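Breakdown of the fold
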Amino acid sequence: EPEVTQTPSHQVTQMGQEVILRCVPISNHLYFYWYRQILGQKVEFLVSFYNNEISEKSEIFDDQFSVERPDGSNFTLKIRSTKLEDSAMYFCASARDRYPDTQYFGPGTRLTVL
Amino acid sequence: AQRVTQPEKLLSVFKGAPVELKCNYSYSGSPELFWYVQYSRQRLQLLLRHISRESIKGFTADLNKGETSFHLKKPFAQEEDSAMYYCALSGPGNTGKLIFGQGTTLQVKP
């Protein structure tokens, strides 16, 4: 059964550095999402992406964040200048269709900002 | 405001006991409600959704629009049900984003 994959599984970075988190969605899916979960808190929506553009973003998704689908298979989340409070688990998800289709989640990338 | 509330952080039951994981939501309109489960060291995966009205692994959930609830139930808990359970909603007015509750850890003791 196809699965969403994410790399790396754990990323440690210094405050102020740029990080890129990578995701490979399921191949025939068209809708892509990033969520994050700070330790002990709920899973929060960051951004949704369709047809090569952002369709919705949350208040968390400020100018430090960007997303890209560079080559038709990867879906990346970039944080330009990481802050301590960016430390979290980041989940990628994909769906074949929009509401109310099922979203399939990747295993997550744990980002630790020192 | 769109919100999902799971009032219990931890629910601990003995094997064979009934389970009810509570979920209440706030949404103006007709959302789609989901239960996602995360077993230890595994990814979030869909357990069930209200639109399909099916029972998965013995779990059921009924959408009660009057009480704005979508509680997850199972008549007889098994040890392998121990996991983190998240209630989530998605609405027709958005792009499919999921709004999650805080999650409830279900611990089934032998």
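A brief look at the structure comes next. (Residues numbered from 1 in each chain as written. Chains lettered and ligands numbered in written order. Predicted model: local features only at pLDDT ≥ 70, side-chain atom pairs only at ≥ 80, totals over all residues. Heavy atoms only, no water.)

1. Notes on the packing of aromatic side chains
By convention here, two paired aromatic rings are described through the distance between centres and the angle between planes. This is how it is decided: Two aromatic rings, drawn from Phe, Tyr or Trp (for Trp, its six-membered ring), form a pair once their centres lie within 6.5 Å of each other, and the interplanar angle then sorts them: stacked below 30 degrees, edge-to-face above 60, tilted otherwise. The rule is short: NZ of Lys or CZ of Arg within 6 Å of the ring centre and within 35 degrees of the ring normal puts a charge over the ring.
All told, the structure shown has 16 aromatic pairs over all chains when counted by the stated rule. Every member of this aromatic cluster is reached through a ring pair, and the members are Tyr33, Tyr35, Phe45, Phe91 and Phe105 of chain A together with Phe34, Tyr36, Tyr86 and Phe100 of chain B. Positioned above the aromatic ring of Phe14 of chain B is the side chain of Lys109 of chain B, whose terminal nitrogen or guanidinium carbon lies 4.5 Å from the ring centre.

2. Considering the pattern of salt bridges
Formally: Salt bridge, as applied in this entry: a Lys or Arg side-chain nitrogen positioned within 4 Å of an Asp or Glu carboxyl oxygen. Runs of H or I in DSSP of at least four residues are treated as helices and runs of E of at least two as strands, each being numbered from the N terminus. Partly exposed describes any residue whose relative accessible area lies between the buried limit of under 20% and the exposed limit of over 50%, with all areas from a 1.4 Å probe on protein chains only and scaled to the type maximum.
Per the counting criterion, the structure on display carries seven salt bridges over all chains. We note a salt bridge from Lys97 of chain B to Glu56 of chain A, for which the minimum N-O separation is 2.9 Å. A residue pair is termed interchain when its members come from two chains, as with Lys97 of chain B in the loop between β9 (83-90) and β10 (99-100) and Glu56 of chain A in strand β6 (residues 53-57). The exposure class assigned to Lys97 of chain B is buried, which follows from its relative accessible area of 16%. Ionic contacts of the salt-bridge type, sharing partners, join the residues Glu20, Lys22 and Lys73 of chain B into one network.

3. Quick look at the state of the cysteines
All names here are of chain A. Defined as follows: Two cysteine sulfurs form what is called a disulfide whenever their separation falls within 2.5 Å.
Counted by the stated rule, this structure contains two disulfides over all chains. One disulfide in the model links Cys23 with Cys92; its S-S distance is 1.9 Å. On the S-S bond that ties Cys23 to Cys92, the torsion sits near -60 degrees, and the link is left-handed. You can see Cys23 sitting in strand β3 (residues 19-24) and its partner Cys92 sitting in strand β9 (residues 88-95), a full 69 residues away along the chain.

4. What about the sheet that holds strand β1 (residues 5-7) of chain A?
Residues and elements named next belong to chain A. Applied cut-off: In this analysis, strands are considered paired if DSSP registers two or more bridges between them. Angular values range over 0 to 180 degrees, each being the angle between N-to-C directions of two axes fitted as lines to C-alpha atoms, with helices fitted over their stretch in contact.
Spatial strand order, β1-β3-β8-β7: four strands in an open sheet with antiparallel pairing. Every other strand in the sheet has two partners, leaving β1 and β7 (65-68) as the edge strands with one partner each. In this sheet, adjacent strand axes meet at a mean angle of 20 degrees when their direction is disregarded.

5. Observations regarding the side chain of Ser90 of chain B
All names here are of chain B. Formally: Whenever a nitrogen or oxygen atom comes within 3.5 Å of another N or O atom, the pair is scored as a polar contact, on the condition that within protein one atom can donate a hydrogen and the other can accept it, and that pairs from neighbouring residues in sequence are kept only if both atoms are in side chains.
Secondary-structure assignment places Ser90 in strand β9. Accessibility expressed as a relative area gives 2% for Ser90, which makes it buried. Within polar-contact distance, the side chain of Ser90 engages the backbone oxygen of Lys97 at 3.4 Å.

6. Here we look at the interface of chain A and chain B
Using the following cut-off: Two residues qualify as a contact provided that any one of their heavy atoms is within 4.5 Å of a heavy atom in the partner residue. Accessible-area loss on putting two parts together, using a 1.4 Å probe and summing over both, is the definition of buried area adopted here. Under the convention adopted here, Pro, Cys and the residues Ala, Val, Leu, Ile, Met, Phe, Trp and Tyr are nonpolar, Asp, Glu, Lys and Arg are charged, and Gly plus all remaining residues are polar.
In this assembly, 23 residues from chain A lie in contact with 24 residues from chain B. In this assembly, chain A packs against chain B so that about 2000 Å² is buried in total across both faces, 51% of it on carbon and sulfur atoms. Along the contact surface separating chain A from chain B lie ten residue pairs in polar contact (both at pLDDT 80 or more). For the side of chain A that touches chain B, the secondary-structure elements that each account for two or more residues are β4 (31-37), β5 (43-50) and β6 of chain A. Within the side of chain A that touches chain B, the residues separate by chemical class into ten nonpolar, eight polar and five charged.

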